[in-house]
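# A closer look at the structure
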Amino acid sequence: MSSSTRKIIHCDADCFYASVEMRDDPSLRGIPLAVGGQPDQRGVVATCNYEARAFGVRSAMPSAQALKLCPELRIIAPTMRRYQEASQRIMAIYRDYTDLVEPLSLDEAYLDVTHSDRCDGSATLIAREIRARVAEEVGLTVSAGVAPNKFIAKIASDWRKPDGMFVVRPAEIDAFVAALPVERLFGVGKVTAEKLRALGVQSCGDLRSHSMADLAERFGVFGQRLYERCRGIDTRDVSPDRERKSISVETTYTRDLRTLADCEAALEPLLRQLSERIERARRSEPLAIAKVFVKIRFADFSRTTAEAGALSVDAAQCRELLADAVGRKRRPVRLMGVGVRLLEAQAARQLRLFDDEVDPTHSARDGR
Ligand code: DCP
Ligand code: MG
C-alpha cells in the first residue's frame, strides 16, 4: 500500500428518524412505519422503516401516495430534538476515533482514519467497533463503507444496508467502480444519464473509453469530474469545517467609527445587505441559520467576534452582539462585519421539511 493511500469511512444510520422512534417505542417495531406529515395536510414522508420500503414507500413521497401503496402504514410526526440528540451522541463516538469527522447531515458523516492509532490502525476494525458501539450506546444501527476515498466509501456504505458494512481495498477499486452504473455517480441525474446512454455508456467502465477532452466538450467542467470518478479517483479531503459555512458582509470605513452610536448606524446598511444575500442564497439552495455573528476590526488592527445562536437575523440581537464586541476594547473601529453560520446543506434540507417545528419564519417563503 503506498504511503499516500488514505482510509476513509462513510457512516450512515439506517432509516434514521424511524429507527429512533422504534427504539423509543417498541410497539412501533415490526410494522410498516413512516415519519412525516399527515396525508390530509399534504404531508410528505421524511423516512420510513425497511418494512415500509418493501411496499415501495420512500423518502419525500407524499404521505397520501405512501398510504395507497401500504394501507396499514403507520405515519407519525417527527420529533427533531430526539433525532438531534441521537445525532450528537453518534458523532461523539466517531470523534473518539479521529478529529477528521465531516458530518453531511444528522445521520451521515465521513471519517478520515488514515492516521488513527485506534484498533491497530485498521479502518475495517474501527468501522466494526464504531457500529457495535453505536448499537450498544445509542441503540441504533449504522451502516459503514470503508475505502481509500470519499466517493467510494459513500457508495460502499449503501452496499450492505441496513446494518451492514462493506470494504473496498485499493486493489479492488478498479473492478468495483467499473461495474457501477453511471447513475451512481454524484451529479449524474436523469438528463446526464440519458445523454450518456445515447453514447452507449451504461457503466463507469464504459465511460472510460471517452477521453477527458471529449467529456469536457460534452459536459463542461463536470466532464473532468466524470473522467476521474469513473476511474475511482476522488481527491477531496475530509473537511471537518465544512459545516461552518457562512454568509457575511463587511465594510472597511474610510473614517474610523468612534462611538457605539456610529457603529449602530453603520450596522443598519450591513444588515440590509446581509438579508439580501441570504435571500439570494436561499433561492438556489436550502439553508438553515445556526448562528449570527458580528465581527470587528479595531483601529489597531486587532479583531474580535461576538456570536450567538439564532434561527434568523434579528436586528436587536445584532445590536447586542455589536455592543458586546465594541465594548471589549476602547478603540475606534475600522472594519465591521455581520454574518450567519449555516447548518450544512443536507441538514438544512432535512430541517426544511419541518420548518414549522424548527422556525416558523422560514416556512414556504423561500419560493422553491
Ligand atoms: N430525510 C428527510 N427528507 C428526505 C430524506 C431524508 O427528512 N427527503 C431525513 C429522514 C432520514 C434522515 O434524513 O431518516 C437521514 O436520511 P437518509 O437519506 O440517510 O435516510 P435514512 O437514514 O432514513 O435511511 P437509509 O437507511 O437509507 O440511510
Ligand atoms: Mg441514513
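Preceding this paragraph is the structure being described.
Before going into details, it helps to say that this report is about the structure given with it. (Residues numbered from 1 in each chain as written. Chains lettered and ligands numbered in written order. Predicted model: local features only at pLDDT ≥ 70, side-chain atom pairs only at ≥ 80, totals over all residues. Heavy atoms only, no water.)

This part is about the sheet that holds strand β5 (residues 101-105). Pairing is mixed across the open sheet formed by 5 strands, whose spatial order is β5-β6-β1-β7-β8. Strands with a single pairing partner mark the edges of an open sheet, and in this sheet they are β5 and β8 (165-167). Between one strand axis and the next, the sheet turns through 15 degrees on average, direction left out of account. Examined bridge by bridge, strand β7 (residues 142-147) and β8 share 3 bridges and lie parallel to one another. Within the sheet, the bridge partner assigned to V146 lies in β8 and is V167. Running over the sheet, helix α6 (residues 150-159) touches β1 (8-13), β5, β6 (108-112), β7 and β8 and is turned about 140 degrees from β7. (Pairing = 2+ DSSP bridges. Helix = DSSP H or I, 4+ residues; strand = E, 2+ residues; numbered from the N terminus. Axes fitted to C-alpha atoms, helices over the stretch in contact; angles between N-to-C directions. Contact = heavy atoms within 4.5 Å.)

Take S143: it is sitting in strand β7. The contact partners of S143, leaving out residues within four places of it in the chain, are H10, C11, D12, D14, R131, S157, K161, P162, D163 and G164.

Of all 10 residues in α6, 7 are buried; the element is thus mostly enclosed. Buried within α6 are the following residues: K150, F151, I152, A153, I155, A156 and S157. Here α6 starts with a cap whose side-chain oxygen sits 3.3 Å from the backbone nitrogen of F151, and that cap is N149. (Buried < 20%, exposed > 50% of the residue type's maximum accessible area, 1.4 Å probe, protein only. Polar contact = N/O pair within 3.5 Å; in protein donor to acceptor, adjacent residues only side chain to side chain.)

Below, the discussion takes up unusual backbone geometry. The amide bond that connects K161 to the next residue, P162, takes the cis arrangement and shows omega of -10 degrees. The residue P162 is located in the loop between α6 and β8 in this model. For R42, which is not glycine, the phi torsion reads 55 degrees and is therefore positive. In this fold, R42 is placed in the loop between β2 (33-36) and β3 (45-48). Owing to a relative accessible area of 78%, R42 belongs among the exposed residues under this scheme. Phi is positive for D163, close to 55 degrees, though the residue is something other than glycine.

This part is about the site of ligand 1. Near ligand 1 there are 16 residues, and of these C15, T47, Y50, R53 and D107 occur at the shortest range. Between F16 and ligand 1, the recorded distance is 3.0 Å, taken from a backbone N or O atom to an oxygen atom. With respect to ligand 1, the side chain of K161 contributes an N or O atom lying 3.1 Å from an oxygen atom. In the complex, the protein chains occlude 81% of the 550 Å² of accessible area that ligand 1 would expose alone. Counting only elements with at least two residues in the shell around ligand 1, the list comes to β1, α1 (16-24), β3 and α2 (50-53). (Near = heavy atom within 4 Å. Areas by Shrake-Rupley, 256 points an atom, 1.4 Å probe, with all protein chains shown as cover.)

Once that is clear, we can look at the packing of helix α10 (residues 212-219) against helix α11 (residues 221-229). Viewed as axis vectors pointing N to C, α10 and α11 meet at an angle of 140 degrees, and their least axial separation amounts to 6 Å. Between α10 and α11, the interaxial angle falls into the category oblique. Here α10 runs over α11; the crossing is right-handed. When α10 is examined against α11, the residues M212, L215, A216 and F219 are found in contact with a partner set consisting of V221, F222, G223, Q224, L226 and Y227. Among the residues forming the contact of α10 with α11, the class breakdown is 8 nonpolar, 2 polar and no charged. (Parallel < 35°, antiparallel > 145°, perpendicular 65-115°, else oblique. Left-handed = near helix turned anticlockwise from the far one by under 90°. Nonpolar A, V, L, I, M, F, W, Y, C, P; charged D, E, K, R; others polar.)

Fair warning: the whole summary comes from geometry, so function is off the table for now.
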